[in-house]
Amino acid sequence: ARKGHQAGGSSGSSGSRRKGWRKGIKLDFKQFACVEPTIAFLRKVQAVERLDGHLWLNADVFAGPGALVSPLDAQKFVRLCAEQLPAAVLSLGWGSTILSTTRLYTHDMIERMIELCMCPIVKHTLPSREPPRRLQPPPAPEAAGGDAAAAGGGGGAG
């Protein structure tokens, strides 16, 4: 009976995927020269779609405590990834060494990373089906049901 159970299988999905299991790829870039050709290939093979959105692009973009290696250019890396693979997950980090276990991340390091993550580097325009609307100026007081004097504007002779 046990063999029959295994042969029947309980896998409701195709291939080696099991329900509830999600696998993906995390690419860790160490040299900026590798980023653009890799992204071009990922686009060509439709990696984001094939991995159901589980594509992570990782790079150390700032020097962390004890860093001995220069990080990738933060702005260039984020912009390129966001423009070419907007559905990929960006994993941004600080370059560090074993020395970093005895040193702390500074407030400045954290602020720079937050600014990078919060700053809109890529300008996106959302498609619209309607023609753009012009903003209308607010109605004049006369059009709102009375003149300025009647609305308590006072002023005048007297």
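For the structure itself, consult the block above.
This structure is a prediction, so every number in the text was calculated from the model and none was measured.

Enquirer: Account for the packing of aromatic side chains, naming residues and giving values.
Expert: Per the counting criterion, the structure on display carries 2 aromatic pairs. With a centroid separation of 4.9 Å and an interplanar angle of 55°, the aromatic rings of Trp-94 and Tyr-105 are classed as tilted. Of this pair, Trp-94 sits in strand S3 (residues 89–95) while Tyr-105 sits in the loop between S3 and helix H5 (107–118); the two residues are 11 residues apart in sequence, bridging distant segments of the chain. Positioned above the aromatic ring of Phe-32 is the side chain of Lys-76, whose terminal nitrogen or guanidinium carbon lies 5.8 Å from the ring centre.

Enquirer: Run through the sheet that holds strand S2 (residues 55–63), naming residues and quoting values.
Expert: Strands sit in the order S1-S2-S3 across an open sheet of 3 strands; the sheet is parallel. Two strands in the sheet have a free side with no partner beyond their single neighbour: strand S1 (25–29) and S3. Between one strand axis and the next, the sheet turns by 25° as a mean value, whatever way the strands run. As paired strands, S1 and S2 are joined by 5 bridges and run parallel to one another.

Enquirer: Account for a nonpolar patch on the surface, naming residues and giving values.
Expert: A surface patch of nonpolar side chains, amounting to about 400 Å² of accessible area, comprises Tyr-105, Ile-110, Ile-114 and Met-118. Among the residues examined, Tyr-105 registers a relative accessible area of 39% and is labelled partly exposed.

Enquirer: Which residues make up the environment of Ile-39, and what are the values?
Expert: Mapped onto the fold, Ile-39 is located in helix H2 (residues 35–44). In this view, Ile-39 contacts Leu-80, Cys-81, Gln-84 and Leu-85; residues no more than four positions away in its chain are not counted.

Enquirer: So what's going on with the side chain of Asn-58? Residues and values would help.
Expert: Within the fold, Asn-58 resides in strand S2. At 2.8 Å, the side chain of Asn-58 forms a polar contact with the side chain of Asp-28. For Asn-58, the residues in contact, after removing those within four places along its chain, are Lys-26, Leu-27, Asp-28, Phe-29, Phe-77, Ser-91 and Leu-92.

Enquirer: Outline helix H4 (residues 74–84), supporting the account with residue identities and numerical values.
Expert: Taken together, the buried positions of H4 are Ala-74, Phe-77, Val-78, Leu-80, Cys-81 and Ala-82. As for H4, its buried residues are in contact with S1, H2, S2, S3 and H5. The backbone nitrogen of Gln-75 lies 3.1 Å from a side-chain oxygen of the residue at the head of H4, namely Asp-73.

Enquirer: Hey, could you go over the environment of Ile-25 for me, with residue numbers and the actual values?
Expert: Secondary-structure assignment places Ile-25 in strand S1. Aside from chain neighbours lying at most four places away, what touches Ile-25 is Leu-51, His-54, Leu-55 and Trp-56.

What counts as what
Residues numbered from 1 in each chain as written. Predicted model: local features only at pLDDT ≥ 70, side-chain atom pairs only at ≥ 80, totals over all residues. Heavy atoms only, no water. Phe/Tyr/Trp six-rings, centres within 6.5 Å; stacked < 30°, edge-to-face > 60°. Helix = DSSP H or I, 4+ residues; strand = E, 2+ residues; numbered from the N terminus. Lys NZ or Arg CZ within 6 Å of the ring centre and 35° of its normal. Pairing = 2+ DSSP bridges. Axes fitted to C-alpha atoms, helices over the stretch in contact; angles between N-to-C directions. Patch = residues over 30% accessible without salt bridge, like charges linked within 9 Å, V, L, I, M, F, W, Y side chains within 5 Å. Areas by Shrake-Rupley, 256 points an atom, 1.4 Å probe, with all protein chains shown as cover. Salt bridge = Lys/Arg side-chain N within 4 Å of Asp/Glu carboxyl O. Buried < 20%, exposed > 50% of the residue type's maximum accessible area, 1.4 Å probe, protein only. Contact = heavy atoms within 4.5 Å. Polar contact = N/O pair within 3.5 Å; in protein donor to acceptor, adjacent residues only side chain to side chain.

Structural measurements only, silent on function.
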